[in-house]
Amino acid sequence: MTTAQPLILGEMPSLSKLYMNAAAQAARRRVLGAHGGSTLPDIGHEVRGVRADVGNLTAYQHLIGLTARDTLPAGYLHALTFPLAISVMNRDDFPLPVLGMVHLSNYVEQRAPVLFSDLLDIEARVENLRGHRAGTQLDVIAEIRAAGTQDIRWTGRSIYLAKGVFLPGIDKASPNSHGYGDFRPPDPTAVWQLGVDTGRAYAAVSGDFNPIHLSVLSAKALGMRRSIAHGMYLASRALADVGPVKGETFGWDVTFEAPVFLPGRVALEITTDERPGGGWQRSNYVAWNPRSGRRHFSGSVTPF
Amino acid sequence: MSANGQPDNGPKEFTGPAAMGEPQPLRRAVIVGGNRIPFARSGGAYTKSSNQDMLTAALDGLIARFGLQDERIGEVAAGAVLKHSRDFNLTREAVLGSALSAETPAYDLQQACATGLETVLGLANKIKLGQIESAIAAGVDSASDAPIAVSEGLREVLLDLNRAKTLTQRLQVLSRLRPKDLAPDAPGTGEPRTGLSMGEHQALTTAQWNISRESQDELAFNSHRNLAAAYDSGFFDDLLTPYRGLAKDSNLRPDTTLEKLASLNPVFGKSLGAEATMTAGNSTPLTDGASTVLLASEEWAQSRDLPMLATVRDGEAAAVDFVHGKDGLLMAPAFAVPRLLARNGLTLDDFDFFEIHEAFAGTVLSTLAAWEDEEFGRTRLGLDSAFGTIDRSRLNVNGSSLAAGHPFAATGGRIVASLAKMLHAKGTVDGRPARGLISICAAGGQGVVAILEAA
């Protein structure tokens, strides 16, 4: 819910600079003490007249396992909005540390197809700061419109958790049982072999060079035992595996659970719900570690 | 003579325009005979032989058997599933290297494991339509001499290097090369859309249809026993030419027993909820080999005093939506056969031989189980009840792929030539020509099936 006009940036911010800045800010806050506020900035960031790079698009499509069509994949549009989301969370009046945030879940509405040649206005903002049993969570809202119009083509809501950060005045949510224990792996419909360079390959096409995805060393520096796959890489592959049955407009959600350490194998099951008279109603996907049986993520694709 | 000086041995009259408004009855396409080389387990006798080597060897034998030296055949079609990019004209190159007339046209075809049968159906149709008088359908595959590609990274660098114009550009391109780019990219048996190997896919289907380990081992045992008996009786004497020291399929184990098969450890489906039942004994091994079939119009065969073993009555292709498990990867023939038989007004009781390709014992048994299943018949095939049951004593009576091996594109030709010979020997049954059904499953959820009848 923005009350203020968005801040218009001259160009898409650079993610690597934003990560550097976030690291510097984290160090500064460690010295000067945490940011005092318990409210989110109510101003969004916007870049106008953005156009996808076709070479980068093709590389993304091939990496995800998609045919290189002229339409921008819903996961690619998420990657396009991501630098703006990080730039909002890099603001001095943003109360949580950006580095180390955990992506809990993601909701996308692909309201109309977007072509790679389309000029786009992209906006991101943050809202809904609230407690979580393990820290503090918030929503990042991103929106893609046809340039110069109010014609929304794509919206995304990403829910992030600042683990172990508890702000004054924000209640801790009651511990809800997520039910890891209930999951019994079904027979897979697909198995992915993810190489050790999966994180680097997705970083190259998405621009998200978060060190936890790049190498064992860079991940260890941030407290992980090995590098992990990008959540949106995994979710985008699942979306690709659902196939063309979803049409050009759809809703797409994903909830992340255990991280996928690299290299590794991921088992996946995709099920389809049909309408009583026949025809696609919904696709559900769930992915797990075929060795441990731990669930990595699950979600669905529905008609918009 | 036609305009370009080549002898005109095509149809004497062009009958197309005369047929306007009045459908012409189709001619018959007959199977004259076939020839293959023995199939070899990969890494065995044919390790260093290329697809073109093996296809030419099988063609040479066919030419010798039927006196086709210098003959201009109407068309030759063949294919390989694992194919080098340099073999872009594999079949034509094999023809040029054979004793056939160099004026014999040829084309390559690729439909995974259905390649061989599809070459037979396509060429038979051309003969039936009067477009050609004679044809050779063939297939070949080598799992030993498989193409290995360079990595995507190296490939892109090499292609960009080729496009670079200046030294600076070339150096820039080369600087992108990383040590990992030098690792080669070997072909896998995984389905591109699921990442599961064919064996893992079949394991899901085998479990879904509750196919027991014992019944799979029994099918494998029968395959070896039947193939061994066929060799002993001389059945293959006029179907096979020795090559590279092999005179029999090297995978054949005449002395195998049910106990030996039962002692093997499962190799597929080990991480499924159900018991793992698929072993190296009841799955086909990777194999090298080639097969050919000579097809003709009746006039062409008669004028050369060649045998006419069987006719190609009809064929049907089907595909299933396997990607998210609606049907098993190799279950397309379960749909193709009911459609084919309905079109021809036949039931499973009207056949004297069933040749169901044994990709895995579980594939054959899952197909039979689906046909015997009431619910499958009603909900998936749109019938009133189950599709039907086959007489097991008519199934793969001279052995099939579990014993002979399965060089992907060569399996269709092996089955067609053997079945044609069996039908010819059987002759007439209850006043009708002896009849055989062929069913071949293929990667990508596909299947091709056909009906042959004694000529």
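Source: prediction; values computed, not measured.

**Some words on the overall build of chain B**
Within chain B, the secondary structure is distributed over 14 helices and 14 strands. The proportion of buried residues among the 455 residues of chain B is 51%. Of the contacts formed within chain B by residues at least 6 apart in sequence, a portion of 80% connects residues at least 24 apart.

**Focus: the overall build of chain A**
What chain A contains, in helices and strands, is six helices and eleven strands. For chain A, the C-alpha radius of gyration of 19 Å lies close to 19 Å, the compact-globule estimate for 304 residues. Along the longest, intermediate and shortest principal axes, the C-alpha atoms of chain A span 60 × 45 × 35 Å. In chain A, buried positions account for 38% of the 304 residues. The contacts of chain A with a sequence gap of at least 6 include a subset with a gap of at least 24, amounting to 75%.

**A look at the sheet that holds strand E3 (residues 102-110) of chain A**
Residues and elements named next belong to chain A. Reading across from one edge, E1-E2-E4-E5-E6-E3-E8-E11-E10-E9-E7 is the order of the eleven strands in this open sheet, with mixed pairing throughout. Single-partner strands in this sheet number two, and they are strand E1 (7-9) and strand E7 (190-194). The sheet shows a mean angle of 20° between the axes of neighbouring strands, direction not considered. Pairing geometry for E1 and strand E2 (residues 45-50), over three bridges, is parallel. Bridging from a neighbouring strand, Ile8 pairs with Glu46 of E2.

**Structural notes on helix H7 (residues 213-232) of chain B**
Residues and elements named next belong to chain B. A rise of 1.5 Å per residue sets the reference length of H7, with its 20 residues, at 28 Å; its end C-alpha atoms lie 29 Å apart and thus fit the reference within 8%. Buried within H7 are the following residues: Arg213, Gln216, Asp217, Leu219, Ala220, Phe221, Asn222, Ser223, His224, Leu227, Ala230 and Tyr231. The elements touched by buried residues of H7 are helix H8 (258-262), strand E7 (278-279), helix H11 (361-372) and helix H13 (401-404). A positive backbone phi angle near 80° is found at Gly234, which sits one or two residues after H7.

**Some remarks on the environment of Glu156 of chain B**
All names here are of chain B. Mapped onto the elements, Glu156 comes out in helix H4 (residues 152-163). You can call Glu156 partly exposed: it has 15 C-beta atoms within 10 Å. As for Glu156 and Arg313, which are separated by 157 residues in sequence, their C-alpha atoms are 48 Å apart.

**Here's the deal with helix H2 (residues 54-64) of chain A**
Residue and element names in this part refer to chain A. Along H2, the residues classified as buried are Leu57, Tyr60 and Gln61. One side of H2 holds all its buried residues, which, seen down the axis, span an arc of 95°. Two residues or fewer after H2 comes Gly65, characterised by a positive phi angle close to 95°.

**A short note on the confidence of the model for chain B**
Residue and element names in this part refer to chain B. Taken residue by residue, chain B gives an average pLDDT of 93. The fraction at 70 or more is 94%. Taken together, the stretch residues 13-19 has pLDDT below 50 and engages in three contacts with residues farther than four places along the chain or on a different chain. Here the complex is predicted with pTM 0.88, and the ipTM for its interfaces comes to 0.80.

**Remarks on the pairing of E2 of chain A**
With four bridges connecting them, E2 of chain A and strand E4 (residues 120-132) of chain A associate as antiparallel partners. Bridging from a neighbouring strand, Val50 of chain A pairs with Leu120 of chain A of E4 of chain A.

**Looking at the packing of H4 of chain B against helix H5 (residues 167-174) of chain B**
Residues and elements named next belong to chain B. Contact geometry for H4 and H5: axes closest at 9 Å, N-to-C directions at 175°. Regarding the angle of H4 to H5, the classification is roughly antiparallel. Contact residues: H4 offers Val157, Asp160 and Leu161, while H5 offers Arg170, Val173 and Leu174.

**Here's the deal with the interface of chain A and chain B**
Contacts between the two partners involve eleven residues from chain A, matched on the other side by ten residues from chain B. For the side of chain A that touches chain B, the leading source of residues is E7 of chain A, giving four residues. For the side of chain A that touches chain B, the class distribution of residues is five nonpolar, five polar and one charged.

**Considering the domain arrangement of chain A**
Residue and element names in this part refer to chain A. Domain annotation of chain A identifies domain 1 (1-172) and domain 2 (180-304). At the junction of the two partners, domain 1 supplies 29 residues and domain 2 supplies 26 residues. When contributions to the side of domain 1 that touches domain 2 are tallied by element, the ones reaching two or more residues are helix H1 (15-32), H2, helix H3 (74-89) and E3. Here the side of domain 1 that touches domain 2 takes eight residues from E3, the largest share from any one element. Here the side of domain 1 that touches domain 2 is built from residues that sort into 17 nonpolar, ten polar and two charged.

**Some details on the environment of Leu167 of chain A**
Structurally, Leu167 of chain A is set in the loop between strand E6 (152-163) and E7. If near-sequence neighbours (up to four positions away) are discounted, Leu167 of chain A is found in contact with Ser38, Pro95 and Thr136 of chain A.

**Examining the packing of helix H6 (residues 198-208) of chain B against H11 of chain B**
All names here are of chain B. Where H6 meets H11, the closest approach of the two axes is 9 Å, and the angle between their N-to-C directions is 40°. Viewed along their axes, H6 and H11 adopt a mutual orientation that is oblique. In terms of crossing hand, the pair formed by H6 and H11 is left-handed. Between H6, through Gln202, Thr205 and Thr206, and H11, the contact on the second element is made entirely by Gly362, Thr363 and Ser366. Of the residues contributing to the contact of H6 with H11, the split by class is no nonpolar, six polar and no charged.

**Description of unusual backbone geometry**
A negative phi angle characterises most non-glycine residues, just as the trans form characterises most peptide bonds. The omega angle of the peptide bond from Leu262 of chain A to Pro263 of chain A is -5°, so this bond is cis rather than trans. Turning to its location among the elements, Pro263 of chain A is positioned in the loop between strand E8 (250-256) and strand E9 (264-274). Of note in the backbone geometry, Arg244 of chain B takes a positive phi value of approximately 50° without being a glycine. With respect to the helices and strands, the residue Arg244 of chain B is situated in the loop between H7 and H8. In this structure, Asn396 of chain B is a non-glycine residue whose phi angle is positive, near 45°. Of note, Asn396 of chain B is situated in the loop between helix H12 (374-380) and H13.

**Focus: the pairing of strand E1 (residues 29-36) of chain B**
All names here are of chain B. Most of E1 sits out of view: eight of its eight residues are buried. In the sheet, E1 pairs with strand E8 (residues 287-297) via seven bridges, with the strands oriented antiparallel. Bridging from a neighbouring strand, Val30 pairs with Ala296 of E8. Sheet topology note: the E1/strand E9 (residues 310-319) ladder contains two bridges and is antiparallel.

**Observations concerning the environment of Leu119 of chain A**
All names here are of chain A. Position of Leu119 among the secondary structure elements: in the loop between E3 and E4. You can call Leu119 exposed: it has 11 C-beta atoms within 10 Å. With 27 residues separating them in the primary sequence, Leu119 and Ala146 have C-alpha atoms 6.3 Å apart. Those residues in contact with Leu119 that lie beyond four places of it in its chain are Gly49, Arg51 and Ala147.

Parameters and conventions
Residue numbering note: each chain is counted from 1, following its sequence as written. Working convention: letters from A go to chains and numbers from 1 go to ligands, in the order in which they are written. Residues qualify for local features only when their pLDDT is at least 70, as the model is predicted, and side-chain atom pairs are given and counted only at 80 or more; totals for whole chains, interfaces and linings, by contrast, use all residues. In this text, helices come from DSSP runs of H or I with a minimum length of four residues, and strands from runs of E with a minimum of two, each type numbered from the N-terminal end. We call a residue exposed when 12 or fewer other C-beta atoms sit within 10 Å of its C-beta, buried when the count reaches 20 or more, and partly exposed for counts in between; the C-beta positions come from the backbone. Each residue gets a C-beta atom placed from its backbone, and two residues are in contact if those atoms lie within 7 Å. The globule rule used here is 2.2 Å times the number of residues to the 0.38 power, and the radius of gyration it is set against is calculated over C-alpha atoms. What makes two strands pair is DSSP finding at least two bridges between them. Throughout, an axis means a line fitted to C-alpha atoms (over the contacting stretch in the case of helices), and angles, computed between N-to-C directions, take values from 0 to 180 degrees. Here, expected helix span is obtained from the residue count minus one, scaled by 1.5 Å. Comment: arc refers to directions from the helix axis out to C-beta atoms. Confidence of the predictor at the level of single residues is given by pLDDT, which spans 0 to 100. Geometric relationships in this document are graded by angle, where less than 35 degrees denotes roughly parallel, more than 145 denotes roughly antiparallel, 65 to 115 denotes roughly perpendicular, and other angles denote oblique. Ten residue types, Ala, Val, Leu, Ile, Met, Phe, Trp, Tyr, Cys and Pro, are classed as nonpolar, four, Asp, Glu, Lys and Arg, as charged, and the remainder, Gly among them, as polar. Each domain span listed reflects an automatic or database assignment of domains. Crossings are assigned a handedness: left-handed for a near helix turned anticlockwise from the far helix by less than a right angle, right-handed for a clockwise turn.

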